[in-house]
Amino acid sequence: MSETQSKLWFSGVAFIPYALLAYGYNWMTKGTDHDLTITSVVLLGGRLVYALIDNVTAAIAWRLHGRKHAVEAFLKLMRENRMPQRDSANDSLRNYLSYVDSDIENNAAIRSAARQIATIVEQSHHDGLMGGGRVEKAAQEAYERYQGGLPAFRLPDWIKTE
């Protein structure tokens, strides 16, 4: 939560130059208080529109291009290191990576690959909520593909699926 609060704080502080720019423009043109308000709204509104356009284009680029390449990169890392299959269909990606990393019988390269995937996912969460979620979903999709498409959730044995 402190990460989000910190980013919100810096986003708010980033508007200070825009306010100073609006005040400077108003002072140079000897404008009124109403002119200062309009100038501030135009500058801050323009900044918000730019941020919106930036976020929308980033989301579109991720959907069209980024997710595919991220999944392929995670799959390549898993395949090249010949990571073991999961023991249970209920294992999540985090549990699997933790298990592979802590299993001393595994090759050092396999343990290193598990640590690398876990680090990439964790680091992506520090880069932002949206990006972190995207990278984690890509890693989860690669994990499911690598495990042969097994579902992450399995129904209990007492439920018949005929």
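Each remark here, short or long, concerns the structure printed above.
Residues numbered from 1 in each chain as written. Predicted model: local features only at pLDDT ≥ 70, side-chain atom pairs only at ≥ 80, totals over all residues. Heavy atoms only, no water.

Draft legend 1. Main features of the environment of Phe-15. For Phe-15, the location among the structural elements is in the loop between α1 (2-13) and α2 (16-28). Residue classification places Phe-15 among the partly exposed residues on the basis of a relative accessible area of 28%. When the C-alpha positions of Phe-15 and Arg-47 are compared, they lie 8.8 Å apart, and in sequence the two are 32 residues distant. If we skip the residues at most four places from it in the chain, Phe-15 touches Leu-44, Arg-47 and Leu-48. (Helix = DSSP H or I, 4+ residues; strand = E, 2+ residues; numbered from the N terminus. Buried < 20%, exposed > 50% of the residue type's maximum accessible area, 1.4 Å probe, protein only. Contact = heavy atoms within 4.5 Å.)

Draft legend 2. View of helix α5 (residues 108-126). Along its 19 residues, α5 runs 27 Å from first to last C-alpha, staying within 8% of the 27 Å computed at 1.5 Å per residue. Those residues of α5 that fall on the buried side of the exposure criterion are Ile-110, Ala-113, Ala-114, Ile-117, Val-121 and Ser-124. Mapping the buried residues of α5 onto a view down its axis gives an arc of 100 degrees, with all of them on the same face. Its side-chain oxygen at 2.9 Å from the backbone nitrogen of Ala-109, Asn-107 defines the N-terminal cap of α5. Gly-128 lies just past α5 and shows a positive phi near 150 degrees. (Expected span 1.5 Å × (residues − 1). Arc of directions from axis to C-beta. Polar contact = N/O pair within 3.5 Å; in protein donor to acceptor, adjacent residues only side chain to side chain.)

Draft legend 3. Looking closely at the nonpolar core. The biggest cluster of nonpolar side chains holds 23 residues, and the ones touching the most others in it are Phe-74, Met-83, Tyr-96, Leu-97 and Ile-117. Contributing elements (two or more residues each) for this core: α3 (33-80), α4 (93-102), α5 and α6 (129-146). Counting residues per element, this core draws most heavily on α3, which supplies 7 residues. Filtering out sequence-adjacent residues up to four positions away, Tyr-96 remains in contact with Met-83, Pro-84, Gln-85, Arg-86, Tyr-143, Tyr-146 and Gln-147. (Core = buried A, V, L, I, M, F, W, Y, C linked by side-chain atoms within 4.5 Å.)

Draft legend 4. A look at the environment of Gln-140. Following the sequence through the fold, Gln-140 ends up in helix α6. When its relative accessible area of 26% is taken as the criterion, Gln-140 is described as partly exposed. Separated by 19 residues in the primary sequence, Gln-140 and Val-121 place their C-alpha atoms 9.9 Å from one another.

Draft legend 5. A look at a nonpolar patch on the surface. A cluster of nonpolar side chains, Leu-52, Val-56, Ile-60 and Leu-64, forms an exposed patch at the surface whose accessible area comes to about 410 Å². Within the secondary structure, Leu-52 is located in helix α3. We classify Leu-52 as exposed; its relative accessible area is 54%. (Patch = residues over 30% accessible without salt bridge, like charges linked within 9 Å, V, L, I, M, F, W, Y side chains within 5 Å. Areas by Shrake-Rupley, 256 points an atom, 1.4 Å probe, with all protein chains shown as cover. Salt bridge = Lys/Arg side-chain N within 4 Å of Asp/Glu carboxyl O.)

Draft legend 6. Quick peek at unusual backbone geometry. A positive phi angle, near 50 degrees, is found at Lys-30, a position not held by glycine. Mapped onto the fold, Lys-30 is located in the loop between α2 and α3. Its identity is not glycine, yet Arg-82 carries a phi of approximately 50 degrees, on the positive side. Topologically, Arg-82 is positioned in the loop between α3 and α4.

Draft legend 7. The arrangement of α4 in detail. Those residues of α4 that sit buried are Leu-93, Tyr-96, Leu-97 and Val-100. Down the axis of α4, the smallest arc covering the buried residues is 95 degrees, so these residues share one side. Where α4 is buried, its residues contact α5 and α6.

Draft legend 8. Representation of the packing of aromatic side chains in the model. A complete count under the given rule lists 1 aromatic pair for this structure. Geometrically, the ring pair formed by Tyr-96 and Tyr-143 is tilted, given 5.0 Å between the ring centres and 40 degrees between the ring planes. Of the two residues, Tyr-96 is situated in helix α4 and Tyr-143 in helix α6; the sequence distance between them amounts to 47 residues. A relative accessible area of 0% means that Tyr-143 is categorised as buried. (Phe/Tyr/Trp six-rings, centres within 6.5 Å; stacked < 30°, edge-to-face > 60°.)

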